[in-house]
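Structure assessment
One letter stands for each residue in the lines below.
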Amino acid sequence: MIPAAFAALAIVGGHPIDLPAAVLVEGAELACTGALVADDVVLSAAHCLQQGGPFAVDGEEVVGWRVHPDWRVDRPGEWDLALLYLGSGRGVLPLALGGRPAIGDPVQHVGLGLAEGDRAPVLRAADAEVVNLFDRVLATEERDGGPCYGDSGGPVLDAMGRLVAVTSFTPDCDSALNGSARVDGAEAWIAQAIADGPPEPGDDDDAGGDDDPVGDDDDSADATTSGCAGCGGAGALVIGFVPWRRRRRAR
């Protein structure tokens, strides 16, 4: 049984990677990964913001955030996208967005989760292959590891280093098949949200000043499962919020 709120997914296995645009997104009870898509804007997963603010990016408190208007807590992976606004630019080259990937394309999951034994976040990447595209979800088969606690919201990169999806859910940390929220189809929303900047406090259309960014008043710990899109019909467990201290042992 798992909480209805699906939460922060450490790369299990994988290998270190140098990606300055990758950042650590933290709340009071969770940690996720994100990536700069503008000098002062981070793209992460909407479910990472479910507990409400305040949030910090690499220790800097964010000044506002928006979740994709079509994201729903009961539809894992679909439009699981959020933007967090920083108070100042980072001076780091942001990631470019990629288009619709194709089945068979190689991709990489990138995340800042801590594996057991780590004393500080270690940026890791795990190689994978696209095996299906379904309902705004990118289904991948892992090759040398995969996402786990702390990696939700991390960028999924294509062979050219472009951001094509955001890590969203996994049946478990050892799963060979995982689901990520595709960004193709969300380019206009991302561009407009970057141009608009953080929402004003109390703006009901966005989440910048709202303690319930998903618009879901049910804080119960009911269990939920979902069909893992593109995962051969397997039931995908969507991992609930966990303290940052819980880690998965690296392979």
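1. A look at the sheet that holds strand β9 (residues 82-85)
The strand order β7-β6-β3-β4-β5-β9-β8 describes an open sheet built from seven strands, whose pairing is antiparallel. Each end of this open sheet is capped by a strand with a single partner; those strands are β7 (60-61) and β8 (64-67). Bridging between strand β3 (residues 22-26) and strand β4 (residues 31-38) involves five bridges; their strand directions are antiparallel. Among the inter-strand pairings, A22 is bridged to a residue of β4, identified as A35.

2. Some thoughts on the state of the cysteines
Here the structure, examined in full by the defined rule, presents one disulfide. The disulfide partner of C32 is C48, and the gap between their sulfur atoms is 2.1 Å. The sign of the -95° torsion about the S-S bond sets the C32-C48 disulfide as left-handed. Here C48 lies in the loop between β5 (41-44) and β6 (56-57) and C32 lies in strand β4, a separation of 16 residues in the sequence. Each member of the pair, C32 as well as C48, carries the same accessibility label: buried.

3. Points about the pairing of strand β10 (residues 106-111)
In this sheet, strand β11 (residues 124-134) lies alongside β10 in antiparallel orientation, the contact comprising six bridges. For V107, the partnering residue across the bridge sits in β11 and is A128. Relative to strand β14 (residues 155-157), β10 runs antiparallel, the two being bridged by two bridges. Residue Q108 lies in a different strand from β14, and its bridge partner there is L157.

4. Some details on the pairing of strand β15 (residues 163-169)
For a regular strand, the rule is simple: side chains alternate between the two faces of the sheet. Extensive coverage of β15 is indicated by the burial of seven of its seven residues. Sheet topology places β14 next to β15; three bridges connect them, and they run antiparallel. Across the sheet, L157 pairs through a bridge with L163, a residue of β15. Connecting the antiparallel pair β14 and β15 is a turn made up of five residues, with G161 showing a positive phi of about 80°. Bridge count for β15 against strand β16 (residues 177-182) is four bridges, and the pairing is antiparallel. Within β16, the residue paired with A165 across the bridge is R182.

5. Thoughts on the confidence of the model for the chain
Low pLDDT means the predicted atomic positions in that stretch should not be read closely. Put simply, the chain has an average pLDDT of 78, and 74% of its residues get 70 or more. In the model, residues 1-9 has pLDDT below 50 throughout and makes 56 contacts with residues more than four positions away in sequence or in other chains. With pLDDT under 50 throughout, residues 209-251 is counted as low confidence; its partners more than four residues away or in other chains account for 114 contacts.

6. Structural notes on the environment of S175
Within the secondary structure, S175 is located in the loop between β15 and β16. Taking relative accessible area as the criterion, S175 reaches 12% and is therefore assigned buried. Placed 28 residues apart in sequence, S175 and P147 show a C-alpha to C-alpha distance of 8.7 Å. What S175 contacts, discounting residues up to four positions off in sequence, is E142 and T170. One polar contact links the side chain of S175 to the main-chain carbonyl oxygen of L177, over a distance of 2.6 Å.

How each quantity is defined
- As a convention, each chain's residues are numbered from 1 in the sequence order in which they are written.
- Note on the predicted model: pLDDT of at least 70 is required for a residue's local features to be given, and 80 or more for side-chain atom pairs to be given and counted; whole-chain, interface and lining totals, by contrast, use all residues.
- Note that the side-chain values use all heavy atoms of the structure and ignore hydrogens as well as water.
- A pair of strands is treated as paired once DSSP finds two or more bridges between them.
- Put simply, DSSP H or I for four residues or longer makes a helix, DSSP E for two residues or longer makes a strand, and each gets a number counted from the N terminus.
- The rule for a disulfide is simple: a pair of cysteine sulfur atoms within 2.5 Å.
- Under the scheme applied here, a residue whose accessible area is under 20% of the maximum for its type counts as buried, over 50% as exposed, and between as partly exposed, the area being computed with a 1.4 Å probe on protein chains only.
- As a per-residue measure, pLDDT reflects the predictor's confidence and takes values from 0 up to 100.
- For this analysis, residues touch if any pair of their heavy atoms sits within 4.5 Å.
- Here a polar contact is recorded for every N or O atom pair within 3.5 Å, except that within protein the pair must consist of a potential hydrogen donor and a potential acceptor, and residues adjacent in sequence are included only if both atoms are side-chain atoms.

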